[in-house]
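Tertiary structure, described
What follows is each chain in one-letter form.
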Amino acid sequence: MAKQVLDIRAGKGMTTSQSNEFLRNANGGERLKRWSGNYDSTREHLNFEIKKGGVICEVDKKTSVPKRIKILERGDRISETGARHRSTEEYHAELREKLMSENEQLSQTIEGQQTVIREQRATLSGLEKDIKHATARFKALQTMIANLESKKNRLLEEVEQLKRDRDSGKISAEEAKIRLDRIQKELEEVDEKIADKTQKLHTAELQLAQLQTKTLSAERKSASRYEPVKATPL
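Conventions and cut-offs
Residues numbered from 1 in each chain as written. Predicted model: local features only at pLDDT ≥ 70, side-chain atom pairs only at ≥ 80, totals over all residues. Heavy atoms only, no water. Helix = DSSP H or I, 4+ residues; strand = E, 2+ residues; numbered from the N terminus. Buried < 20%, exposed > 50% of the residue type's maximum accessible area, 1.4 Å probe, protein only. Contact = heavy atoms within 4.5 Å. pLDDT = per-residue confidence, 0-100. Core = buried A, V, L, I, M, F, W, Y, C linked by side-chain atoms within 4.5 Å. Salt bridge = Lys/Arg side-chain N within 4 Å of Asp/Glu carboxyl O.

1. Re the overall build of the protein chain
For the protein chain, the helix and strand inventory stands at six helices and two strands. Listing the helices and strands of the protein chain from first to last along the sequence gives α-α-β-β-α-α-α-α. The proportion of buried residues among the 234 residues of the protein chain is 19%. Sequence separation of at least 24 residues holds for 62% of the intrachain contacts in the protein chain that already meet a minimum separation of 6.

Okay, here's the thing in structure tokens:
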């Protein structure tokens, strides 16, 4: 058994002649003959169409395909909804209102994104300044520790030289002891300073690493939040 299926969807359109052929809507037998020599009007009751909700019913020849396309574009049938169809002017007015609403929402989205971007830039700027200060402090502590280490080495060399001078009789034991005690006290002070600066250096290193991590996180967050949007033309 031959079947003809037509799926009605909004498109560019269809002529009345094409609509009549699809619906087998003929006033007389001559038109049917032109359509197909195999068409049997006595079997017309076998034709059917499927409406909304999967309901099978007879072919509606009163509503042409072009009219059906307009109904699909503008809404459901009056017989199915019981509502009044919108006029073309009303339809276009509703479209304009919808587009204006969408553009307003897009404008709010864009404004929100710009606010986020400004906040992120301010955050990044502050983090960059903090990193700059933390880096300078870190380098300064490294320099101070290096200078203290050099001073300690010089004091240790003085201790060895005093011991040699004492042992050789170049200076008395009493004088060597006085000078060695003074140097030993100075060495203890240097060791305390080295320990203090080393602890501060470790803290500065941790702070610098944390700031760098925060900066990277802020940059990623800023990049992920910024999504360019475009308004819909009216």
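Structure shown, so let's carry the discussion forward.
2. Quick word on the confidence of the model for the protein chain
Residues of the protein chain with pLDDT of at least 70 account for 72%, and the chain-wide mean is 78. Mean pLDDT values for the elements of the protein chain range from 51 in helix α4 (residues 78-81) up to 90 in helix α6 (residues 173-225).

3. As for the nonpolar core
Of all hydrophobic cores here, the largest spans eleven residues; its members are Leu148, Leu155, Val159, Leu162, Ile171, Ala176, Leu180, Ile183, Leu187, Val190 and Ile194. Of all the elements in the fold, those that place two or more residues in this core are α5 (88-168) and α6. A total of six residues in this core trace back to one element, the largest contributor, which is α6. Apart from residues lying up to four places away in sequence, Leu148 is in contact with Val190, Lys193, Ile194 and Lys197. Within the second largest apolar cluster, seven residues are counted, among which are Leu127, Ala134, Leu211 and Ala218.

4. Brief notes about the pattern of salt bridges
Considering all chains together, one arrives at seven salt bridges under this definition. With its nearest N and O atoms 3.5 Å apart, the salt bridge here joins Glu186 to Lys151. Placement of Glu186 in helix α6 and of Lys151 in helix α5 is noted, with a sequence separation of 35 residues between them. Owing to a relative accessible area of 29%, Lys151 belongs among the partly exposed residues under this scheme. Lys200 is the salt-bridge partner of Asp196, the closest N and O atoms lying 3.3 Å from each other.

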